[in-house]
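# Examining the three-dimensional arrangement
The lines below spell out each chain.
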Amino acid sequence: MRGNVVDLAVAVVIGAAFTSIVNSVVKGLISPVIGLAGTQSLDAYKSCIKDPCGVGADGKPTGVELLWGSVLNAALTFLITAAVVYFLMVLPMAKYLAKVEQRRRAKEGVKETMEITELVVLKEIRDELVAQRSANGRSVQSGAAVPRL
């Protein structure tokens, strides 16, 4: 139980550090490339659904704005994080576990084959002994060898 808790704590710390790296990549590289059509930052993309949108004379925002650029930015961050985690952690681990399972099955198959082979050899030995006893003049009754008197 303690090992699992420690593993989880390490995963949380690494995930937090990894999130900041992905956020930097999205804001520094991806967003400007996507923003070539307009602004450098996706956060600047927004739509006004109730006019007048902007800032009033008293400094308070007026109207209602949908900040879809920040949502797009968050979605890109999520997709990049998910892709990196999948391709660098989940997929290699799944391949490794599949190989381990395949090796385990191969070992079980060899063990089972050896057990079957041993059983066949033991049956052959038994049959040969029964045949030798019959040839030497001993009778076999109900599976047990009985000496002749």
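Presented here is a report on the structure given in the accompanying data block. (Residues numbered from 1 in each chain as written. Predicted model: local features only at pLDDT ≥ 70, side-chain atom pairs only at ≥ 80, totals over all residues. Heavy atoms only, no water.)

### Concerning unusual backbone geometry
For the bond running from Asp51 to Pro52, omega is -10°, close enough to zero to count as cis. Along the chain, Pro52 turns up in strand β1 (residues 47-55). (Helix = DSSP H or I, 4+ residues; strand = E, 2+ residues; numbered from the N terminus.)

### Concerning the pattern of salt bridges
Applying the stated criterion across every chain, the model contains 4 salt bridges. Salt-bridge contacts for Arg126 lead to Asp127; the nearest nitrogen and oxygen are separated by 3.1 Å. Arg126 sits in the partly exposed class, given a relative accessible area of 47%. Among the charged side chains, a network of salt bridges with common partners joins Glu101, Arg104 and Arg105. (Salt bridge = Lys/Arg side-chain N within 4 Å of Asp/Glu carboxyl O. Buried < 20%, exposed > 50% of the residue type's maximum accessible area, 1.4 Å probe, protein only.)

### Some thoughts on a positive patch on the surface
On the surface, Lys95, Lys99, Arg103 and Lys107 cluster together into a positively charged patch. We classify Lys107 as exposed; its relative accessible area is 64%. (Patch = residues over 30% accessible without salt bridge, like charges linked within 9 Å, V, L, I, M, F, W, Y side chains within 5 Å. Areas by Shrake-Rupley, 256 points an atom, 1.4 Å probe, with all protein chains shown as cover. Lys, Arg positive; Asp, Glu negative; His and termini not counted. Charge placed at Lys NZ, Arg CZ, Asp CG, Glu CD.)

### Focus: a nonpolar patch on the surface
Taken together, the side chains of Ile34, Ile49, Val64, Leu66, Trp68 and Leu72 make up a nonpolar region of the molecular surface, amounting to roughly 520 Å² of accessible area. Elements with a minimum of two residues in the nonpolar patch: β2 (61-66) and α2 (68-135). Among the structural elements, Ile34 can be located in helix α1 (residues 2-34). On the basis of relative accessible area, Ile34 is assigned to the partly exposed category, the value being 38%.

Function cannot be read off these values alone, since they describe shape.
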